[in-house]
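Structure at a glance
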Amino acid sequence: MSERRLTERKFPPTDALVVLPTFNEHENLERVVSGVRHLGHDVLVVDDASPDGTGDLADKLAAADGGVRVLHRERKLGLGSAYEDAFRIGLKEGSRLFVEMDADGSHRPSDLNPIIDAARGSGGLAIGSRYMRGGSIIGWPVHRLLLSRGANVYCRTLLRLKVRDCTSGFRCYTRDLLASIKLDAIVSQGYSFQIEMVHRTVRLGYPVVEVPIRFEDRVAGASKVSQGEISRALWTVLRLSVSK
Ligand SMILES: Nc1nc2c(ncn2[C@@H]2O[C@H](COP(=O)(O)OP(=O)(O)O)[C@@H](O)[C@H]2O)c(=O)[nH]1
Ligand SMILES: [Mg+2]
């Protein structure tokens, strides 16, 4: 049996729910949470029992600010499943806009509202894009740049997507779109979740718009993208491309 623990909600939900998945982000979390809370949005941290104590820090931030909540999961269950669980909570509670954002300092709070506004305006998915005019990546080594570029070429080709940055993890969905996506049918547990969600959005006929962002390499700690994650993502996208 899986164990979940969610801190209690103290205020009615704000329009947008900003979900921050964490696994070992103790050195980064506080700065990200404070940047988002300055903009007034609800924060939901989804922590997978991080060994570095990120979960305890998140609890402290939640105790000090009713706009911050934490979903604790008993072990590392994957990025995709973290978002899936958070979206189910937000849908139940009545949030109108659902934001994905990394908790490692790569995504700037100053790019957040333009993404939310674009989602609201389009009625679908707005992606914070590194690969369009005005977008950029700061501080990534060449192998990370190649991996990200390669992943985008791979999924654009196999899934026939026109989106320039299918793998970006800084994005916003409208309630209408998320309610139309069958979360139970999602096959991705890990990073391919991002690609699968773009694929499903396009197949449902919802618009996808891109907003330029400046992506900065994580402030502290290490990336959780492993060889295993990459292989699983390649397979999952291949599976999606042949399934109806
Ligand atoms: N809850 C949870 N968060 C995760 C998991 N894997 C990665 N994350 C978080 O997802 C975000 C993106 O991960 P990161 O390692 O920075 O990926 P990268 O930016 O592609 O290198 C970070 O906030 C991580 O802490 C996971 O299995 N569970
Ligand atoms: Mg990162």
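For the structure, check the block above.
Because the structure is predicted, anything quoted here is derived from the model rather than measured.

**Considering the side chain of Asp111**
Mapping Asp111 onto the fold places it in the loop between β5 (97–100) and α4 (112–122). With residues up to four places along the chain from it excluded, the contact list for Asp111 reads Phe170, Pro212, Ile213 and Arg214.

**Side note on the pattern of salt bridges**
Applying the stated rule across the entire model yields 22 salt bridges. The shortest N-O distance in the salt bridge between Arg73 and Asp85 comes to 2.9 Å. You can see Arg73 sitting in strand β4 (residues 68–73) and its partner Asp85 sitting in helix α3 (residues 79–93), a full 12 residues away along the chain. As far as the burial class goes, Arg73 and Asp85 line up, both buried. Here the salt bridges share partners, and the residues they tie into one network are Arg4, Asp48, Arg73 and Asp85.

**Some points on the site of ligand 1**
For ligand 1, the set of nearby residues contains 19 residues, the closest of which are Glu25, Asp48, Asp104, Ser223 and Lys224. At 2.9 Å from an oxygen atom of ligand 1 is found a side-chain nitrogen or oxygen belonging to Arg144. A distance of 3.1 Å separates an oxygen atom of ligand 1 from a polar side-chain atom of Tyr191. Protein contact buries 96% of the 580 Å² of open area that ligand 1 shows by itself. Only β2 (16–22) and α3 provide two or more residues apiece to the shell around ligand 1. Here the residues of the shell around ligand 1 are counted per class, giving eight nonpolar, three polar and eight charged.

Calculation notes
- Residues numbered from 1 in each chain as written.
- Chains lettered and ligands numbered in written order.
- Predicted model: local features only at pLDDT ≥ 70, side-chain atom pairs only at ≥ 80, totals over all residues.
- Heavy atoms only, no water.
- Helix = DSSP H or I, 4+ residues; strand = E, 2+ residues; numbered from the N terminus.
- Contact = heavy atoms within 4.5 Å.
- Salt bridge = Lys/Arg side-chain N within 4 Å of Asp/Glu carboxyl O.
- Buried < 20%, exposed > 50% of the residue type's maximum accessible area, 1.4 Å probe, protein only.
- Near = heavy atom within 4 Å.
- Polar contact = N/O pair within 3.5 Å; in protein donor to acceptor, adjacent residues only side chain to side chain.
- Areas by Shrake-Rupley, 256 points an atom, 1.4 Å probe, with all protein chains shown as cover.
- Nonpolar A, V, L, I, M, F, W, Y, C, P; charged D, E, K, R; others polar.

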